[in-house]
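Fold and contact review
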Amino acid sequence: MERFYLRTLLLVFVLIANSASAQPISLDGSFGNSGTVFQTYEGYLCAVVSMRTTSDGKLLIYAARDESEFFQSAGFILQRRSTDGSLDTSFGNNGVVLIEGIEHDGSSNKCLLLLSDGKIMVTGRGQNANFGNFVTYRFNADGSLDSSFGTNGVVVTDVGGVVDEAKAVLLQTAGNKIVVVGEFQDEVNPVRKPCVVRYLENGTLDSTFGVGGKAFFTTLPENSDNQITDVHVEANGKIVMVINHKTSNGDSDFCLARLAANGIVDTGFGNNGAQITDFGGDDRVNCIRKYDNTYYLFGSSATSDESSQIAISRYNSAGILIQAFGVNGKKLMNRAADSNYDVIYHVDIINEKIIAVGAGGTGTGDSFNLHGLIIQLNIDGSIDTFFNQTGYKLFNAPNTSYGSYYSITRGTSGSIFAAGTAYLQNDYSTGGILINRFLTSTLSVDVNSDSRFSISPNPFNDKIQIKSLTDSELPEMFELYDITGRLINASNIRTATNSEQSMIEVSGLDTLSSGIYVLIAKSNSGIQKFKILKK
């Protein structure tokens with residue numbers, strides 16, 4: 001009997017593995033034009049730099065707009081799109097809000113913030129009368145400016161440099177403080193230096209933070225140029241910054257730096273508050289993800305215009321490279337053996353799988369072309385070849401070339417949005433907003449952009465532990481469904497939270513029949529679904 005059971009269980013695992021190996025990714029034909037939205041604005045180069053999914057499944061898009069003739073910033077475009085990809089005419093002006101008062105020099109995916117009440121915040125460098133200052137907007141859910149924030153919905157802050165540029169806006173959940181992160185340049189030494197400004201909910205500077213509401217990261221080499229590309233705020237309020245750190249030879253390295261919640265440099269992190277990582281080329285870091293109390297940094301390392309590898313580094317909670325990851329904490333790779341150009345710009349982690357978007361190159365010389373890249377990795381950084389059979393997918397919209405994805409977010413029912421830009425074929429003066437919605441058979445789907453929980457063991461016998469990955473929240477409600485979608489009575493599910501408030505145990509599952517189930521964990525900020533196997 002035991003031998004038969006083991007064989008049966010092995011067969012279940014084989015079936016699951018075979019299903020995963022055929023895990024395809026395809027365009028969702030119910031979105032846009034056969035899964036694609038491509039929109040151009042004549043005379044402008046446009047690119048989606050950030051997007052968020054709203055609580056009702058709509059898509060919020062934040063796109064940079066440059067004048068194609070002079071390559072000068074012409075502000076940003078904020079769009080809201082309905083679930084079919086069409087513009088939501090109840091938002092702004094027929095679905096669009098044009099923000100002409102800010103610009104960016106290399107945008108962060110965190111320059112757009114969607115609040116729990118539906119309000120929207122964006123930040124950047126001021127233009128015109130506010131040139132060279134941090135400028136932050138807050139909009140109501142309908143796209144109108146929120147008059148309860150700053151002056152008619154806008155806050156302008158002179159950080160003190162000749163040019164100040166905000167790159168990211170986030171919340172410190174304790175006290176609902178608004179954190180804006182960016183750089184400043186002074187007249188004496190005109191290189192970019194990281195700085196953070198903290199506001200109260202109404203946009204007033206928080207005098208308890210740093211000096212008068214402003215904090216500066218001061219322990220990096222004095223003459224180095226440092227460009228913020230991503231930010232993570234811890235549950236305890238500490239601010240983790242991702243920086244392109246330019247060295248004296250002109251190349252850049254990855255840099256991970258941390259401030260305490262009050263704006264003081266956290267000198268116990270890395271080397272005097274920062275950890276600089278050199279991959280050997282021109283290294284550009286674009287994204288941070290925290291997972292299992294460790295930090296992943298994602299980007300690229302280039303040796304020429306047509307030669308670039310995906311670069312990933314992993315650090316422990318103290319900012320030290322984890323030597324067991326890759327080679328001494330670093331991993332370099334391309335999507336395939338015959339690929340010479342790959343870049344990661346943005347990442348999500350879904351149930352212990354890293355799904356990333358960026359750009360993949362094909363051809364050489366005059367035939368070189370860029371394509372939007374989606375690639376799935378295992379937690380150890382290796383390519384997950386179960387995903388789309390190769391581990392990746394390249395995509396260009398019809399009649400376009402030089403495509404790139406800069407942002408990824410999750411939709412409903414297993415869909416994934418990837419967005420960025422592409423040029424009209426043979427017309428490099430017109431770059432358009434590119435949005436794709438893909439369908440996958442990924443086992444875990446979260447309606448929000450960040451993984452919150454992990455589960456173990458899976459398969460299980462009588463109980464499951466749900467662990468917080470963000471250190472900020474635990475599930476408040478559970479739903480359990482069988483494989484047919486039938487809701488199982490949740491009254492048999494009993495929970496107990498451990499003393500550290502980082503794990504919940506779901507017990508009382510011993511009465512379930514063997515088979516596959518779906519467990520949904522719900523929190524204030526979203527849901528996460530898990531496919532689980534009862535032994």
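All values derive from a computational prediction rather than experimental measurement. (Residues numbered from 1 in each chain as written. Predicted model: local features only at pLDDT ≥ 70, side-chain atom pairs only at ≥ 80, totals over all residues. Heavy atoms only, no water.)

1. Description of the overall build of the chain
This is how it is decided: Under the scheme used here, helices are H or I runs from DSSP no shorter than 4 residues and strands are E runs no shorter than 2 residues, and both carry numbers assigned from the N terminus. Burial classification: accessible surface area is computed with a 1.4 Å probe over protein chains only, and a residue below 20% of its type maximum counts as buried, one above 50% as exposed, and the rest as partly exposed. It only takes one pair of heavy atoms within 4.5 Å for two residues to be counted as in contact. Accessible areas in this description were obtained via Shrake-Rupley with a 1.4 Å probe; residue shielding takes into account the shown protein chains only.
Counting its secondary structure elements, the chain contains one helix and 38 strands. Looking at the 535 residues of the chain, the share that counts as buried comes to 56%. Once local pairs closer than 6 in sequence are excluded, the contacts in the chain between residues at least 24 apart make up 53%. Total accessible area on the chain is roughly 22200 Å²; 48% of this is exposed by carbon and sulfur atoms.

2. So, the confidence of the model for the chain
Threshold: Confidence of the predictor at the level of single residues is captured by pLDDT, which takes values from 0 to 100.
Overall, the predicted model of the chain reaches an average pLDDT of 85, with 85% of residues at or above 70. Contacts from residues 1-22, a stretch scored under 50 in pLDDT, to residues over four places away or in other chains number 10 contacts. Contacts for the low-pLDDT stretch residues 490-500, under 50 throughout, to residues beyond four places or in other chains number 21 contacts.

3. Some points on the sheet that holds strand β13 (residues 177-185)
Selection rule: Two strands make a pair as long as DSSP finds a minimum of two bridges between them. To get an axis, fit a line to the C-alpha atoms, keeping to the stretch in contact for a helix; angles then go from 0 to 180 degrees between the N-to-C directions.
Spatial ordering of the open sheet is given by β12-β13-β14-β15, a layout of four strands whose pairing is antiparallel. Two strands close off the open sheet at either side, each with one partner strand: β12 (163-172) and β15 (214-216). On average, adjacent strands in this sheet sit at an angle of 25 degrees to one another, irrespective of strand direction.

4. Some words on the environment of Ala 141
Summarising the element assignment, Ala 141 is placed in the loop between β10 (134-139) and β11 (154-157). Sequence separation of Ala 141 and Asp 117 is 24 residues, and the distance between their C-alpha atoms is 7.9 Å. Setting aside residues no more than four positions away along its own chain, Ala 141 makes contact with Arg 80, Phe 91, Gly 118 and Lys 119.

5. So, the nonpolar core
Spelled out, the test is: Side-chain atoms within 4.5 Å are what join buried Ala, Val, Leu, Ile, Met, Phe, Trp, Tyr and Cys residues into a set we call a nonpolar core.
The biggest cluster of nonpolar side chains holds 20 residues, and the ones touching the most others in it are Val 181, Val 196, Phe 217, Ile 239, Met 241 and Leu 259. When contributions to this core are tallied by element, the ones reaching two or more residues are β12, β13, β16 (225-233), β17 (239-246) and β18 (252-259). Setting aside residues no more than four positions away along its own chain, Met 241 makes contact with Val 181, Pro 194, Val 196, Phe 217, Ile 228, Asp 230, Cys 255, Leu 256, Ala 257 and Leu 259. Judged by nonpolar contacts, the second largest core, of 19 residues, contains Ile 344, Ile 354, Leu 373 and Ile 379.

6. Regarding the pattern of salt bridges
Just so we agree on the cut-off: What makes a salt bridge here is a side-chain nitrogen of Lys or Arg within 4 Å of a carboxyl oxygen of Asp or Glu, nothing more.
On inspection of all chains with the given rule, the structure shows 19 salt bridges. The partner of Asp 88 in a salt bridge is Lys 58, and the shortest N-O contact between them spans 2.9 Å. On the criterion of sequence distance, the pair formed by Asp 88 in the loop between β5 (72-81) and β6 (96-99) and Lys 58 in the loop between β3 (44-53) and β4 (59-67) is long-range, its members being 30 residues apart. In this structure, the salt-bridge partner of Arg 65 is Glu 100, at a minimum N-O distance of 3.7 Å. Here Arg 65 is found in strand β4, whereas its partner Glu 100 is found in the loop between β6 and β7 (102-103), with 35 residues between them in sequence.

7. Considering the side chain of Ser 415
Within the element layout of this structure, Ser 415 appears in strand β29 (residues 415-424). Given a relative accessible area of 5%, Ser 415 falls into the buried group. Apart from the residues within four sequence positions on either side, Ser 415 is in contact with Arg 410, Arg 437, Phe 438 and Leu 439.

8. Here's the deal with the pairing of strand β32 (residues 464-468)
Taking every second residue as pointing to the same face, the buried face of β32 carries Ile 464, Ile 466 and Ser 468, while none of Gln 465 and Lys 467 on the other face is buried. Of the strand pairs in this sheet, strand β31 (residues 453-456) and β32 are connected by four bridges, and their pairing is antiparallel. In the sheet register, Ser 454 faces β32, and the bridge partner there is Lys 467. With four bridges joining them, β32 and strand β36 (residues 503-507) adopt antiparallel strand pairing. Looking at β36, one finds that Gln 465 is bridged to Glu 505.

9. Points about the sheet that holds strand β21 (residues 294-304)
Strand order in this open sheet of four strands is β20-β21-β22-β23, and the pairing throughout is antiparallel. The open sheet has two edge strands, β20 (282-291) and β23 (330-333), and neither has a second partner. Going from strand to strand, the sheet's axes swing by 20 degrees on average, the running direction of each strand aside. Here β21 pairs with strand β22 (residues 307-315) via nine bridges, running antiparallel. From the neighbouring strand, Ala 302 faces β22, where its bridge partner is Ser 308.

10. Brief notes about unusual backbone geometry
Across residues other than glycine, the phi torsion is negative in most instances, and most of the peptide bonds are trans. Cis geometry is adopted by the peptide bond preceding Pro 457, which originates at Ser 456 and carries an omega value of -10 degrees. Locating Pro 457 in the fold gives a position in the loop between β31 and β32. Across the junction of Asn 458 and Pro 459, the peptide omega takes the value 15 degrees, indicating a cis bond. Checked against the element boundaries, Pro 459 lands in the loop between β31 and β32.

11. Focus on the environment of Phe 254
Checked against the element boundaries, Phe 254 lands in strand β18. With 45 residues separating them in the primary sequence, Phe 254 and Gly 299 have C-alpha atoms 8.5 Å apart.

12. Re the packing of aromatic side chains
What counts is decided by this rule: Aromatic contacts are taken between Phe, Tyr and Trp rings whose centres are within 6.5 Å, Trp giving its six-membered ring; a plane angle under 30 degrees counts as stacked, one over 60 as edge-to-face, and the others as tilted.
Under the defined criterion, the tally for this structure stands at 13 aromatic pairs. When the ring of Tyr 296 is compared with that of Phe 325, the centres are 5.8 Å apart and the planes differ by 85 degrees; the resulting orientation is edge-to-face. With Tyr 296 in strand β21 and Phe 325 in the loop between β22 and β23, this residue pair connects regions lying 29 residues apart in the sequence. The pair formed by Tyr 296 and Phe 325 is uniform in burial state, with each residue classed as buried. Centroid distance Tyr 345 to Tyr 406: 4.8 Å. Interplanar angle 70 degrees. Geometry classified as edge-to-face.

13. Re the environment of Ile 433
Mapped onto the secondary structure, Ile 433 falls in strand β30 (residues 427-440). Since its relative accessible area comes to 0%, Ile 433 is described here as buried. C-alpha separation for the pair Ile 433 and Cys 46, spaced 387 residues apart in sequence, amounts to 5.6 Å. In this structure, Ile 433 is in contact with Val 37, Phe 38, Gln 39, Tyr 41, Cys 46, Val 48, Ala 63, Gln 79 and Gly 420, ignoring residues within four places of it in sequence.

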